[in-house]
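Fold and geometry: a report
Letter by letter, the chains look like this.
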Amino acid sequence: MGSSGSISDTETGVIILPGDRLFPEGVTVTEDGTFYIGRMDEGLILKADPGMKEAGPFIEAGANGLVSVLGLYADDSRGILWACSCDAGNGKLTGTAPAGVKAFDLHTGAARGIYDFPGGGFANDLTIDLEGNLYVTDSWTPRILRLPTGGSLLEEWINDAQLGVEQWSLNGIDYDKDSGVIYTVNQLKGKLFRIAVESDGSAGRVTLINTSQELRRPDGLKVIDPDTLATTEGGAGGVAVMVIKGDTAEVTRVPEGLDGVTTFAFYQGSAWIVEGQANHFWDPDNAGPDAKPPFRLVEVPLN
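Only a predicted model underlies this, so the values are computations on that prediction, with no experimental measurement involved.

A word on the sheet that holds strand β8 (residues 100-105). The pairing of strands in a sheet happens through backbone hydrogen bonds and is either parallel or antiparallel. Overall, antiparallel pairing links the 4 strands, which are arranged β6-β7-β8-β9 in an open sheet. The open sheet has two edge strands with one neighbour each: β6 (68-75) and β9 (111-116). This sheet shows a mean twist of 20 degrees between the axes of neighbouring strands, independent of strand direction. Relative to strand β7 (residues 80-86), β6 runs antiparallel, the two sharing 6 bridges. Residue pairing for β7: Y73 is matched across the bridge by W82.

Next comes the structure, spelled out in structure tokens:
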């Protein structure tokens, strides 16, 4: 695993994401290598079948109440595609539906459910534990919501000020099936947290993991091996790999240089990273309203 050089030295695969104002953010992948990518400017979801070099349309704009699509999760065991839908007031479909989680059939795209955020908020990223309970971060409050297996309503699983009370704090989240804990990152402060999951499913102790290097606007987060995490760094254009030992983490950086990274999907030892060019979406006054197509999903090996 390298720590210097350009990203082009390590990328081995690219999937083109068509559209001049796509502004992709979330991505997920199934066990067979099918990728799903969400669009922020206009709430739709693209799909790239195994081996395809370009993604195509899968779920149309606004379907099932999509507004801006962020985190995605492919639930192979239940055949469900889970999607975070939020509204920061700058997408084409702003004001058309509440923030929350939308469920679709993983194979047909048919609507399977709507789970609104209680009290509003900003649904950013999500994960699922071994029992099928779903957890989703709220970037506007220090809370993580939970949808119990078979449940119909999102519930507040944890609300803890140490996770970050400032707007745009909580972002990526993942469940570690080996240790049975939840990991999440604070994008604004560059922090990594571990949250215990108690035997009754409630949230337990929150632990700040001390990292050997400060994380630079961490976004997508994945457990890639036991006690090993990776996060895309929006402030650097690459990936930080973190090896956890107790309450500390040794950080190694994969070569940087991608254009506006957001989240990634982990597949066969590689991070498939979204080049979202999101500064044009979030800050058009300073970055300009238009990105430089094509948007891409880029493979960067981590092992």
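Grouped together as the largest cluster of nonpolar side chains are 40 residues, with contacts concentrated most on L17, F35, W82, L134, V136, L154 and L297. For this core, the leading source of residues is β7, giving 4 residues. For L17, the contacting residues outside a window of four places in its chain are L22, P24, I37, L46, A55, F295, R296 and L297. Among the nonpolar cores identified, the runner-up in size contains 14 residues, and L192, L221, A240 and M242 belong to it.

Turning our attention to the packing of aromatic side chains. Scanning the model with the defined rule gives 13 aromatic pairs in all. Note on F23 and F281: the rings are 5.6 Å apart at their centroids and 40 degrees apart in plane angle, and the pair reads as tilted. Of this pair, F23 sits in the loop between β1 (13-17) and β2 (24-29) while F281 sits in helix α1 (residues 279-282); the two residues are 258 residues apart in sequence, bridging distant segments of the chain. Where F122 meets W168, the ring centres are 4.8 Å apart and the plane angle is 80 degrees; that geometry is what we call edge-to-face. Separated by 46 residues along the polypeptide, F122 in the loop between β9 and β10 (123-128) and W168 in the loop between β13 (155-159) and β14 (170-176) bring together distant segments of the chain. In this structure an aromatic cluster arises from ring pairing among F23, F122, W140, W168, F281, W282 and F295.

Before going further, it helps to examine the confidence of the model for the protein chain. When pLDDT drops low, the exact placement of atoms in the prediction is not to be read closely. Across the protein chain, pLDDT averages 93, with 96% of residues at or above 70. In this model, residues 1-9 is a region of pLDDT below 50 whose contacts with residues beyond four sequence positions or in other chains number 20 contacts.

Moving on to the side chain of K102. Inspection of the secondary structure puts K102 in strand β8. Despite its burial, K102 remains without a salt bridge, the nearest opposite charge being carried by D116 at 4.1 Å. Ignoring any residue separated from it by four or fewer positions in sequence, one finds K102 in contact with N64, G65, L66, L81, W82, A83, S85, G113, I114 and D116.

Before going further, it helps to spend a moment on the side chain of H280. Mapping H280 onto the fold places it in helix α1. Within the local environment of H280, its side chain forms a polar contact with the backbone oxygen of G288, the two atoms lying 2.8 Å apart. If sequence neighbours within four positions are ignored, H280 has contacts with F23, A287, G288, P289, D290 and A291.

With that settled, the discussion passes to the pairing of strand β3 (residues 35-39). Burial of β3 is extensive: 5 of the 5 residues sit out of reach of the surface. Covered by surrounding structure in β3 are F35, I37 and R39 together with Y36 and G38, the residues of both alternating faces. Where β2 meets β3, 4 bridges bridge the pair, whose relative direction is antiparallel. Within β3, the residue paired with T28 across the bridge is Y36. Counting the residues in the hairpin turn of β2 and β3 gives 5 residues, including G33, whose phi is positive at 90 degrees.

Thresholds applied
Residues numbered from 1 in each chain as written. Predicted model: local features only at pLDDT ≥ 70, side-chain atom pairs only at ≥ 80, totals over all residues. Heavy atoms only, no water. Pairing = 2+ DSSP bridges. Helix = DSSP H or I, 4+ residues; strand = E, 2+ residues; numbered from the N terminus. Axes fitted to C-alpha atoms, helices over the stretch in contact; angles between N-to-C directions. Core = buried A, V, L, I, M, F, W, Y, C linked by side-chain atoms within 4.5 Å. Buried < 20%, exposed > 50% of the residue type's maximum accessible area, 1.4 Å probe, protein only. Contact = heavy atoms within 4.5 Å. Phe/Tyr/Trp six-rings, centres within 6.5 Å; stacked < 30°, edge-to-face > 60°. pLDDT = per-residue confidence, 0-100. Lys, Arg positive; Asp, Glu negative; His and termini not counted. Salt bridge = Lys/Arg side-chain N within 4 Å of Asp/Glu carboxyl O. Polar contact = N/O pair within 3.5 Å; in protein donor to acceptor, adjacent residues only side chain to side chain.

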